[in-house]
Protein chains: 2
Amino acid sequence: MTFPETELNKVKRIPDRALYDKETIYPIIDEALICHVGFTENDQPFVIPALHARDGDTLILHGAKASRMMQHIGDGSPVCIAITHVDGIVFARSVFHHSINYRSAVIFGHGKLIKKEDEKMRALEMLTEHIAQGRWHDARLPNQKELAATSVVKIEIESATAKIRSGDPKDDKEDYDLPVWSGMLPIAPQYLSPLNDPTLAPGIAVPDYILNYTR
Amino acid sequence: MTFPETELNKVKRIPDRALYDKETIYPIIDEALICHVGFTENDQPFVIPALHARDGDTLILHGAKASRMMQHIGDGSPVCIAITHVDGIVFARSVFHHSINYRSAVIFGHGKLIKKEDEKMRALEMLTEHIAQGRWHDARLPNQKELAATSVVKIEIESATAKIRSGDPKDDKEDYDLPVWSGMLPIAPQYLSPLNDPTLAPGIAVPDYILNYTR
């Protein structure tokens, strides 16, 4: 399924890099641990980093009841969520053609507070499983007090765009003979060795989903 | 110097994690390759990833003249820029105390188009040096046509906040005896081996600032 190109999501700059289909956009969302959430309050834009999870065509965010973002998004105001993977730096012979290899998704929708307790629990399960698949089963689940302290919102993905750049530099032909190195420096997130909590009781092993963590 | 706490930048949720001084905020900005830029157009928030550079108390962004973001920011409308480093995943015994170790900066200001050619060249130099220190000296500099095709804006950092979480999980005492692994999975960006452009002439070595790339 492809999101229609509208004034909201249409990429004007280098439209060749733009893609509007879910098959491209959703894996970009799912691979990212966090997103950047944009909302507007009295004409003032705010952008805040947040953990997210995707449930079909819906994004889930959570936060403390006290947070500005949760209050505002829960009220149903328009939201824009950006997710970006930086895959490398593109060094061209000319300054002008330097670039970043990236995969980004920009999502538009409106928030809605999740009030029903069972729906809230399911949303928290999705957020936890987004962090690491298998964690919900292992960890102590939220109690009534914790549930009450947490706000969860869902945002229907009404419109979205992916923008992707990959591969080598694209220099102008007349620059090919310049004695300047050109190429690509790949960047990838590295998951290092897990560190035990100092209070961890002896004999509790690191779960496989953390030891072999990948996204 | 410390930014005053106002309605704009004051952190309401876990204020212990908030810091308002330049000595904390500016290194977070400089270490990040990219930022997420938020702006509002007809009450609709937009968030777009962008390359940035910091020039003292000013942020510099650039883009094609045709881009929505450049046009809008150049007009002087309010901008919010978020920068986030994810340093690890915090696995607590309870779902509720799961967290992310991160260093984020949220910056507020208004954009202004850079029109003077020498100021524009200097801004492009800062953006290029932000990508990799030393690159401006090596690469072919922008010509008149390229300069004309590029918009550059500067945004005075009028207000800003850093928010930082680091260290181990903070579980509730009564959960300490649960047989659940707790700890931290560190995450760091990894710069892999640079890949030569297939059209690179033989005998041109990878510069040290790319071979030993770090931020």
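Right above here is the structure, for reference.
Residues numbered from 1 in each chain as written. Chains lettered and ligands numbered in written order. Predicted model: local features only at pLDDT ≥ 70, side-chain atom pairs only at ≥ 80, totals over all residues.

Undergrad: I'm lost on the overall build of chain A in this one. Help?
TA: From N to C terminus, chain A includes six helices and ten strands. Taking the principal axes of its C-alpha atoms as reference, chain A extends roughly 65 × 50 × 35 Å. When the 215 residues of chain A are sorted by exposure, 40% land in the buried category. The long-range fraction of contacts in chain A, counting pairs at least 24 apart against all pairs at least 6 apart in sequence, stands at 72%. (Helix = DSSP H or I, 4+ residues; strand = E, 2+ residues; numbered from the N terminus. Buried ≥ 20, exposed ≤ 12 C-beta atoms within 10 Å, placed from the backbone. Contact = placed C-beta atoms within 7 Å.)

Undergrad: It is not clear to me how the interface of chain A and chain B should be interpreted in this structure. Could you clarify?
TA: Put simply, an interface is often sized by how much accessible area is lost when its parts join up. Contacts between the two partners involve 82 residues from chain A and, on the opposite side, 82 residues from chain B. Looking at side-chain class alone, the side of chain A that touches chain B contains 55 nonpolar, 16 polar and eleven charged residues. As paired strands, strand E10 (residues 195–196) of chain A and strand E9 (residues 183–191) of chain B are joined by two bridges and run antiparallel to one another. In the strand pairing of E9(B), A:Leu195 is matched with B:Met184. (Nonpolar A, V, L, I, M, F, W, Y, C, P; charged D, E, K, R; others polar. Pairing = 2+ DSSP bridges.)

Undergrad: Would you explain the relation of the copies chain A and chain B in this entry?
TA: Both copies of the chain are related by one operation, a rotation about an axis with a shift along it. For these two chains of identical sequence, chain A goes onto chain B by a turn of 180° and a shift of 0.0 Å along the axis, with RMSD 0.0 Å. On the angle and the small slide along the axis, the relation comes out as a two-fold axis. Judged by C-alpha distance, A:Pro189 is the residue of chain A that lies nearest the rotation axis, at 2.3 Å. A shared interface surface links the copies, since 100% of the contact residues of chain A are contact residues in chain B too. (Least-squares fit on C-alpha atoms with pLDDT ≥ 70 in both.)

Undergrad: Mind showing me how you'd approach the environment of B:Ser193 here?
TA: Looking at the secondary structure, you find B:Ser193 in the loop between E9 and strand E10 (195–196). For the pair B:Ser193 and B:Asp138, spaced 55 residues apart in sequence, the C-alpha to C-alpha distance is 20 Å.

Undergrad: How should I be thinking about the environment of B:Arg93 in this particular structure?
TA: Position of B:Arg93 relative to the elements: it lies in the loop between strand E5 (78–91) and strand E6 (99–113). B:Arg93 sits 86 residues away from B:Pro179 along the chain, and the two C-alpha atoms are 8.3 Å apart. Apart from residues lying up to four places away in sequence, B:Arg93 is in contact with A:Ala139, A:Arg140, B:Asp171, B:Asp175, B:Leu178, B:Val180 and B:Ser182.

Undergrad: Help me out: how do you make sense of the pairing of strand E2 (residues 34–41) of chain A in this one?
TA: Every other side chain in a regular strand lies on the same face of the sheet, so the side chains alternate between the two faces. Residues and elements named next belong to chain A. Among the eight residues of E2, six are classified as buried, and the element is accordingly described as predominantly covered. Sheet topology places E2 next to strand E3 (residues 44–55); eight bridges connect them, and they run antiparallel. Looking at E3, one finds that Phe39 is bridged to Phe46. Between E2 and E3, which follow one another and run antiparallel, lie two residues, and Asn42 among them has a positive phi close to 50°. Two strands pair when backbone bridges link them, and E2 and strand E5 (residues 78–91) are joined in this way by three bridges, in the antiparallel orientation. The residue bridging Gly38 from the neighbouring strand is Cys80, located in E5.

Undergrad: It is not clear to me how the pairing of strand E9 (residues 183–191) of chain A should be interpreted in this structure. Could you clarify?
TA: Bridge analysis of E5(A) against E9(A) gives four bridges, and the strand direction is antiparallel. Bridging across to E9(A), A:Ile89 finds its partner in A:Leu185.

Undergrad: Would you mind going over helix H3 (residues 117–131) of chain B with me for this structure?
TA: A turn of α-helix holds 3.6 residues, and therefore any two residues three or four places apart point the same way. With 15 residues, H3(B) extends 21 Å from end C-alpha to end C-alpha; this agrees with the ideal 21 Å at 1.5 Å per step. Regarding H3(B), the residues found buried are B:Lys120, B:Ala123, B:Leu124, B:Leu127, B:Thr128, B:His130 and B:Ile131. Buried residues in H3(B), looked at end-on, bunch into an arc of 155°, giving them a common side. For H3(B), exposure combined with an orientation more than 90 degrees from the buried face picks out B:Asp118 and B:Glu119. Residues of H3(B) that are buried sit in contact with E5 of chain A together with strand E3 (44–55), strand E4 (58–64), helix H4 (135–138), helix H5 (144–149) and strand E7 (150–156) of chain B. (Expected span 1.5 Å × (residues − 1). Arc of directions from axis to C-beta.)

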